[in-house]
Amino acid sequence: MKRTILTLFCASFAIIGCTSEAHVENSVNEPQQQQLAHRQSGTQTQVRIDNILKSFTTKDYQSATANLSKEEVQMDMAMKLLPECKKLLMENGFTEEDFETKFNNDYKQIILTAFTLKN
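Rules used in this analysis
Residues numbered from 1 in each chain as written. Predicted model: local features only at pLDDT ≥ 70, side-chain atom pairs only at ≥ 80, totals over all residues. Heavy atoms only, no water. Core = buried A, V, L, I, M, F, W, Y, C linked by side-chain atoms within 4.5 Å. Buried < 20%, exposed > 50% of the residue type's maximum accessible area, 1.4 Å probe, protein only. Helix = DSSP H or I, 4+ residues; strand = E, 2+ residues; numbered from the N terminus. Contact = heavy atoms within 4.5 Å. Expected span 1.5 Å × (residues − 1). Bend = angle between axes of the 7 residues up to and from the residue. Phe/Tyr/Trp six-rings, centres within 6.5 Å; stacked < 30°, edge-to-face > 60°. Salt bridge = Lys/Arg side-chain N within 4 Å of Asp/Glu carboxyl O. pLDDT = per-residue confidence, 0-100.

1. Topic: the nonpolar core
Generally speaking, a soluble globular protein has its nonpolar side chains buried in company with each other.
Then, in step 1: Core analysis: the biggest nonpolar cluster contains 17 residues, and Leu81, Cys85, Leu89, Phe103, Ile110 and Ile111 have the highest contact counts within it.
Then, in step 2: Sorting the residues of this core by element identifies α2 (30–55), α4 (70–91) and α6 (107–118) as the ones contributing at least two each.
Then, in step 3: Per-element accounting of this core gives the leading share, seven residues, to α4.
Then, in step 4: Ignoring anything within four residues of it in the chain, the contact list for Phe103 reads Leu89, Phe94, Asp98, Gln109, Ile110 and Thr113.

2. A closer look at α4
Then, in step 1: For α4, with 22 residues, the first-to-last C-alpha span of 31 Å sits near the 32 Å given by 1.5 Å per residue.
Then, in step 2: At Leu82, α4 is deflected by roughly 40 degrees, the largest bend along its length, and proline Pro83 occurs up to four residues later in sequence.
Then, in step 3: All of the buried residues in α4 are Val73, Ala78, Leu81, Leu82, Glu84, Cys85, Leu88, Leu89 and Glu91.
Then, in step 4: Looking one or two residues past α4, Gly93 carries a phi angle of roughly 100 degrees, positive in sign.

3. Points about the packing of aromatic side chains
Then, in step 1: Following the criterion strictly, the structure yields three aromatic pairs and no others.
Then, in step 2: Centroid distance Phe56 to Tyr61: 5.1 Å. Interplanar angle 45 degrees. Geometry classified as tilted. Each member of the pair, Phe56 as well as Tyr61, is classed as buried.
Then, in step 3: Measuring from centroid to centroid gives 5.8 Å for Phe94 and Phe103, while their planes differ by 40 degrees, and the two rings are tilted. Summarising the burial analysis for this pair, Phe94 and Phe103 share the class buried.
Then, in step 4: An aromatic cluster of at least three residues, connected via ring pairs, comprises Phe94, Phe99 and Phe103.

4. With respect to the pattern of salt bridges
Then, in step 1: Enumeration over the complete set of coordinates arrives at two salt bridges.
Then, in step 2: Of the charged contacts in the structure, one is a salt bridge between Asp76 and Lys80, with a shortest N-O distance of 3.3 Å. Taken together, the residues Asp76 and Lys80, both in helix α4 and four residues apart, mark about one turn of the helix.

5. Remarks on the confidence of the model for the protein
Then, in step 1: Summary statistics for the protein give a mean pLDDT of 77 and a share of 63% for residues scoring 70 or more.
Then, in step 2: Note that residues 4–14 has pLDDT below 50 and, in this model, zero contacts with residues that lie over four places away or in other chains.
Then, in step 3: Confidence drops under a pLDDT of 50 for residues 16–25, and excluding neighbours within four residues, the segment shows zero contacts in the predicted structure.

6. As for unusual backbone geometry
Then, in step 1: Even without being a glycine, Asn104 presents a positive backbone phi close to 55 degrees.
Then, in step 2: Along the polypeptide, Asn104 turns up in the loop between α5 (96–101) and α6.
Then, in step 3: A relative accessible area of 63% places Asn104 in the exposed class.

Shown next, in the form of structure tokens:
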């Protein structure tokens with residue numbers, strides 16, 4: 001009997017807690033929703049970068065680049081990552097002008113900076 005009452009009490013507490021959390025989520029104001037949308041787009045870019053990185057470990061990619069030198073493979077990887085890294089940086093406040101002035105259009109620096117933001 002005591003276990004049943006305790007179980008009922010815990011279940012009621014959990015249900016009340018869940019409904020109050022749902023109410024808090026629904027009362028998010030407009031600026032917070034815009035911030036959330038910006039974070040989600042950044043997250044989508046990060047997911048695309050992660051997917052590109054994962055593609056480099058597949059047998060298909062490795063067999064496709066098997067006849068290339070180490071430097072050629074690195075350049076291929078960099079060129080596949082560069083557009084998404086630029087997009088991630090732009091989502092975080094960088095501009096096209098920054099790529100020219102701060103990075104001197106150095107793809108290595110652009111990618112490294114994006115990876116610093118990503119982590």
